[in-house]
Amino acid sequence: MNQDLTQGKPAAVLWRFCLPLFGSIIFQQLYNIADSLVAGKFVGENALAAVGNSYEITLIFIAFAFGCNIGCSVIMAQFFGAKDYKQVKTTVYTAIISSAVLCAILMLFGIICSQRLLSLIHTPEEIMADSRLYLDIYIWGLPFLFFYNIATGIFAALGDSRTPFAFLAASSTSNILVDILFVKAFHMGVAGVAWATFLCQGISCVLAMTVVLKRIKGIETDEKPVLYSRHILKMIAVIAIPSILQQSFISIGNIVIQGVINGFGAGAIAGYSAAIKLNNLVITSFTTLGNGISNYTAQNVGAGILERVRMGFRAGVKMVWMLCVPLAALYMLAGEVLVRFFMKQPSQMALTTGVQFLLIVAPFYFVVSTKLVADGVLRGAGLMKEFMTATFTDLILRVVLTIIFSRTFGLIGIWCSWPIGWTIATVLSVHFYRHGPWAGKKAVS
């Protein structure tokens, strides 16, 4: 059901809108966690390392899909907040056509360059074949990834976070079952893990697109909307390109970091693969809530109600901090149990690596979550220069410090680069938010 985010008490509106988004991202992350869990438990430590190693490259493709999602969502939400329903429809059609072209280009690139990409991150020989197999199958499923992201972006722009949650809950649960069936019963190894994701994500994509197109068709307009608009494409691109660059450079930075970690051997790779999945579950959850705040901000900016943005930011920070408390405590107190959960017979190196990572980064979830809420407001308002400045500061610091610290402090030095980058970038994001166009506006409900 569509929801007007410009009406009602901001805190209550955000809770209703963002809680299903949080549930959705939990199930979305189950795709990747299930892949690593099944690979590590039923195939072996090298299989876990192969899936984790390939995952860093898949994040590049996810970055492009996410950019299409947020670009379509923010522009559509602004038109929806302004009650310009003809442009809402044109935005949807333009985003679908443009994303299809971009997806085709990326598939061609991935098919040709997958081996080279794996070599660039110094993939150990013992996991190269499985890493390549997993990555190749993943690339063939890119259309499902792209169009599902477009569908969820449209739902979010309409203020509907419940429908995509229902799709993800069903498909993620199915993915776990199919993972186990293909790997344990059919003995398909890493290929079974990849094909399970391919099938379940494909079904979810088809269902989501069917429902969202029906929803868009039901919106009444005075005039027939055009199917493609270069002007709207430019508007989408202003939001999408910085978001793609943000996620892409983060992915490239993660690949550089993965390459440094790969130099410490398969045990370190496996431990990091388990820990980074747990970390990504938290960070992606915060990012998704930030995206929800982007939609909230965009609708209110489109409606010209800037004073609601400040209340939305404060409510968003409270929301993510409430999530930080149990998650940070869980990772710090039960890190070894969680890392062991991914592996059948973990080596001491793998256990030590995973636990150290969680102990160092988990206390700083309060910091990075604040940054991601501020980023959500900046992006929803179209303040992309400020958004990019804070993002690249975090990325550059983490990559540079990883390279420098690894030479002196080893793996522990690598993990310390996360909180340093997060802290400095958070200061910048909050500074930019405080000087936005809503500065000085009286916050009223």
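The structure under discussion appears in the preceding block.
Residues numbered from 1 in each chain as written. Predicted model: local features only at pLDDT ≥ 70, side-chain atom pairs only at ≥ 80, totals over all residues. Heavy atoms only, no water.

Details of the overall build of the protein chain
Right, so step 1: Counting secondary structure elements, the protein chain contains 15 helices and 0 strands.
Right, so step 2: For 445 residues, the compact-globule formula gives about 22 Å, and the C-alpha radius of gyration of the protein chain, at 21 Å, lands near that figure.
Right, so step 3: Seen through its C-alpha atoms, the protein chain measures out along the principal axes to roughly 60 × 45 × 35 Å.
Right, so step 4: Here the analysis covers contacts within the protein chain between residues at least 6 apart in sequence; of these, 85% occur between residues at least 24 apart.
Right, so step 5: Roughly 17300 Å² of accessible area belongs to the protein chain as shown, and the carbon and sulfur atoms make up 68% of that amount. (Helix = DSSP H or I, 4+ residues; strand = E, 2+ residues; numbered from the N terminus. Rg over C-alpha atoms; globule rule 2.2 N^0.38 Å. Contact = heavy atoms within 4.5 Å. Areas by Shrake-Rupley, 256 points an atom, 1.4 Å probe, with all protein chains shown as cover.)

Details of helix α4 (residues 125-140)
Right, so step 1: Along its 16 residues, α4 runs 24 Å from first to last C-alpha, staying within 8% of the 22 Å computed at 1.5 Å per residue.
Right, so step 2: What α4 keeps buried is the set I127, M128, S131, Y134, L135, I137, Y138 and I139. (Expected span 1.5 Å × (residues − 1). Buried < 20%, exposed > 50% of the residue type's maximum accessible area, 1.4 Å probe, protein only.)

With respect to the packing of helix α9 (residues 266-302) against helix α15 (residues 411-434)
Right, so step 1: Two elements in contact, α9 and α15, have axes separated by 13 Å at closest approach and are oriented at 15°. Between α9 and α15, the angle falls in the class roughly parallel. Like other packed secondary-structure pairs, α9 and α15 cross with a definite hand, here right-handed. Listed contacts from α15 to A268, Y272, I276, N279 and I283 of α9 are L411, W415, W418 and W422.
Right, so step 2: Taken together, the residues that form the contact of α9 with α15 break down as 8 nonpolar, 1 polar and no charged. (Axes fitted to C-alpha atoms, helices over the stretch in contact; angles between N-to-C directions. Parallel < 35°, antiparallel > 145°, perpendicular 65-115°, else oblique. Left-handed = near helix turned anticlockwise from the far one by under 90°. Nonpolar A, V, L, I, M, F, W, Y, C, P; charged D, E, K, R; others polar.)

With respect to the side chain of N300
Right, so step 1: Within the secondary structure, N300 is located in helix α9.
Right, so step 2: Apart from the residues lying within four places of it in its own chain, the contact partners of N300 are L5, T6, I305 and R308.

Side note on the packing of aromatic side chains
Right, so step 1: Across all of its chains, the model carries 16 aromatic pairs by this definition.
Right, so step 2: Both rings, one in F286 and one in Y365, keep their centres 6.4 Å apart while their planes meet at 75°; by these two values the pair is edge-to-face. A residue pair is termed long-range when its members are at least 10 positions apart, and F286 in helix α9 and Y365 in helix α13 (residues 365-380) qualify at 79 residues.
Right, so step 3: For Y365, a relative accessible area of 0% gives the class buried.
Right, so step 4: Here a set of aromatic residues connected by ring pairs shows up, and it is made of Y272, F357, W415 and W418. (Phe/Tyr/Trp six-rings, centres within 6.5 Å; stacked < 30°, edge-to-face > 60°.)

Section: a nonpolar patch on the surface
Right, so step 1: A contiguous nonpolar patch, built from I241, L245, F249, I252 and V256 and spanning about 390 Å² of accessible area, is present on the exposed surface.
Right, so step 2: With respect to the helices and strands, I252 occurs in helix α8 (residues 230-262).
Right, so step 3: With a relative accessible area of 41%, I252 lands in the partly exposed category. (Patch = residues over 30% accessible without salt bridge, like charges linked within 9 Å, V, L, I, M, F, W, Y side chains within 5 Å. Salt bridge = Lys/Arg side-chain N within 4 Å of Asp/Glu carboxyl O.)

A few points about the nonpolar core
Buried together is how nonpolar side chains tend to be arranged in soluble globular proteins.
Right, so step 1: Formed by 61 residues in total, the largest nonpolar core has its most connected members in I57, M76, L142 and I154.
Right, so step 2: Elements supplying a minimum of two residues to this core: α2 (45-81), α3 (85-120), α4, α5 (142-157), α6 (162-185), α7 (189-217), α8 and α14 (384-409).
Right, so step 3: Of the residues forming this core, the biggest block, 15 residues, is contributed by α2.
Right, so step 4: Residues within four places of L142 in sequence aside, it is in contact with F61, C103, L106 and M107.
Right, so step 5: Membership of the second largest hydrophobic core comes to 59 residues, among which are Y331, L351, I414 and W438. (Core = buried A, V, L, I, M, F, W, Y, C linked by side-chain atoms within 4.5 Å.)

Here's the deal with the environment of I424
Right, so step 1: The residue I424 is located in helix α15 in this model.
Right, so step 2: Not counting chain neighbours up to four residues away, the residues in contact with I424 comprise T393 and L397.

Looking at the pattern of salt bridges
Right, so step 1: For the coordinates displayed, the defined rule picks out 6 salt bridges.
Right, so step 2: The shortest N-O distance in the salt bridge between D136 and R132 comes to 3.0 Å. With D136 and R132 both in helix α4, this residue pair falls 4 residues apart, about one helical turn.
Right, so step 3: Taking relative accessible area as the criterion, D136 reaches 23% and is therefore assigned partly exposed.
Right, so step 4: R132 sits in the partly exposed class, given a relative accessible area of 27%.
Right, so step 5: Here R398 makes a salt bridge to D394, at a shortest N to O gap of 3.0 Å. Separated by 4 residues within a single helix, R398 and D394 lie in helix α14, roughly one turn from each other. D394 matches R398 in its accessibility class, with the two residues each being buried.

Quick word on unusual backbone geometry
Right, so step 1: Even without glycine at this site, K83 takes up a positive phi of about 65°.
Right, so step 2: Among the secondary structure elements, K83 is positioned in the loop between α2 and α3.
Right, so step 3: Given a relative accessible area of 44%, K83 falls into the partly exposed group.
Right, so step 4: With a phi angle near 55°, H187 is a residue other than glycine that sits in the positive phi range.
Right, so step 5: Checked against the element boundaries, H187 lands in the loop between α6 and α7.
Right, so step 6: The class of H187 is exposed, set by a relative accessible area of 67%.

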